[in-house]
Amino acid sequence: MTKRLNLFAFICITILLAGCWNHRELTDIGIIAAVGIDYGQEKRYNMTFQFVNPRNVAGNQQTIGISGPPIAIYESEGDNLLEAARSASQHVSRQLYFAHTNVLMIGEEVARDGLTDVLDISIRNPDFRSTATIVIAKDSTAEQILKTLTPLDQIPANKIDKTLKFSENRWGESINISVGELVPTIYSKGKQAVVGGFIIKGDKEKGSQDANILSSRPLAQLNSDGLGLLKGGKLITWAEGKTARGINWILNNVKSTVVNIDWKDKKNAFGITINLSKSKVSANVKNNKPYITVHIDAEGGITEADTFLDLSKAEELIKVQNALRKEIKREIENSIQFAQKHKADVFGFGEKISHVDEVYWKKVADVWNEEIFPNLEVKVEVNAFIRRTYLITKPFLYEHKGND
């Protein structure tokens, strides 16, 4: 019995010790923070890999410029994406490691031709993370974006990913969407997709040099900029500013933002910080005609006032609330008209229709974006509430007279 127990224990230990059979040494892998896809010569795919250089990633950035940049950029070409990815082994002495890839950057030219091939290989590749953020390089190439060094975040991919998240949460004019989230929308007839854009402001050539992170004012900056509207998986146009925010109001992506309100002859007299926003879209079909209602609830507080108004009076506060409601409604209606002009239902109104009347949807699904959506009747309802004025209820009520 003792021999049998010892043999059993020996087998169990052997199995446990076999856990490192497929281990890889750190010196044999190249950690990729971001992947970029552009067109090269004769419209062959050009892939850009942003590798992390562990030796130069330190907590103290004063060493950068002496030991070298925290990233290394390698490029490869191929007739298709798989060939381009595999041919990188000709230039890189390490195995490509995608477990820490946070960003998939698509050049604008590629995006306008379509993202289906890009998404297909991304999803099929078991090494690539479906949670990676997908971004479109606006007015530039993915290569130019990924080569740009950033001062606060040593790894530019982290800068891009974090900026999209913070901008979406604090400003409302951008969107952070992953590869896995985008795929089902690309193949949907009832909803077209939107993808965040990134742009280089400044000197694109000098952005990849050490001087860009050694200067107090970077020579080139990476900025989140607008929403790319996709139709059939292809980039068709850009929504910017309040139009982009209007789209996000409906998509329930506005977590916090600032809405400026004009008052009488004063432009931007009040700055209202929105702290809570919720959208609800309902659909109905009557006599073979679809109807959509968009309902928005928004709450916030007055954080800036550049005109006199006694906000301690309820009737005055209600007037400001009404002005806020009208401004939000105007943004939303303008964004709907913008999407209808480009025949791209990025709001998912078609999906709502399909849920309430499946028979009607089957009749119009194939012509929804081209014929039905551009003429769709959409009713917008907004409830806006100002919950606080931050102690100051009478701005500019008292004048400073100075010392006599």
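Residues numbered from 1 in each chain as written. Predicted model: local features only at pLDDT ≥ 70, side-chain atom pairs only at ≥ 80, totals over all residues. Heavy atoms only, no water.

**Let's talk about the pattern of salt bridges**
Then comes step 1: Tallied over the entire structure, the rule returns 24 salt bridges.
Then comes step 2: Linking Lys43 and Asp113 is a salt bridge whose minimum nitrogen-to-oxygen distance equals 2.8 Å. Of this pair, Lys43 sits in the loop between strand S1 (29-39) and strand S2 (45-52) while Asp113 sits in helix H3 (residues 108-113), placing them 70 residues apart in sequence.
Then comes step 3: You can call Lys43 partly exposed: its relative accessible area is 46%. (Salt bridge = Lys/Arg side-chain N within 4 Å of Asp/Glu carboxyl O. Helix = DSSP H or I, 4+ residues; strand = E, 2+ residues; numbered from the N terminus. Buried < 20%, exposed > 50% of the residue type's maximum accessible area, 1.4 Å probe, protein only.)

**Here we look at the side chain of Thr48**
Then comes step 1: Mapped onto the fold, Thr48 is located in strand S2.
Then comes step 2: The buried category is assigned to Thr48, whose relative accessible area is 0%.
Then comes step 3: In this view, Thr48 contacts Ala34, Val35, Gly36, Asp38, Ile73, Tyr74, Glu75, Glu143 and Leu146; residues no more than four positions away in its chain are not counted. (Contact = heavy atoms within 4.5 Å.)

**A few points about the confidence of the model for the protein**
Then comes step 1: When pLDDT is averaged across the protein, the result is 88; 88% of the residues are at 70 or more.
Then comes step 2: Across the protein, the secondary-structure element scoring lowest on mean pLDDT is helix H1 (residues 2-17), at 66, and the one scoring highest is strand S9 (residues 234-239), at 98.
Then comes step 3: When the criterion is pLDDT under 50, residues 397-404 qualifies, and its contacts beyond four places in sequence or with other chains add up to one contact. (pLDDT = per-residue confidence, 0-100.)

**Details of helix H9 (residues 241-250)**
Then comes step 1: Summarising burial for H9: seven of the 10 residues are buried, a large majority.
Then comes step 2: At the exit of H9 stands Asn252, carrying a positive phi of roughly 65 degrees.

**Brief notes about the nonpolar core**
Then comes step 1: Ranked by size, the top nonpolar core spans 53 residues in total, and within it Trp249, Val320, Leu324, Ile332, Phe347 and Phe349 carry the most contacts.
Then comes step 2: When residues in this core are grouped by element, the largest group, nine residues, is from helix H10 (residues 314-341).
Then comes step 3: Not counting residues within four places of it along the chain, the set of residues in contact with Ile332 comprises Gly246, Trp249, Ile250, Ile296, Val380 and Val382.
Then comes step 4: Counting residues in each nonpolar core, the second largest holds 36 residues, with Ala84, Leu115, Val118 and Val195 among its members. (Core = buried A, V, L, I, M, F, W, Y, C linked by side-chain atoms within 4.5 Å.)

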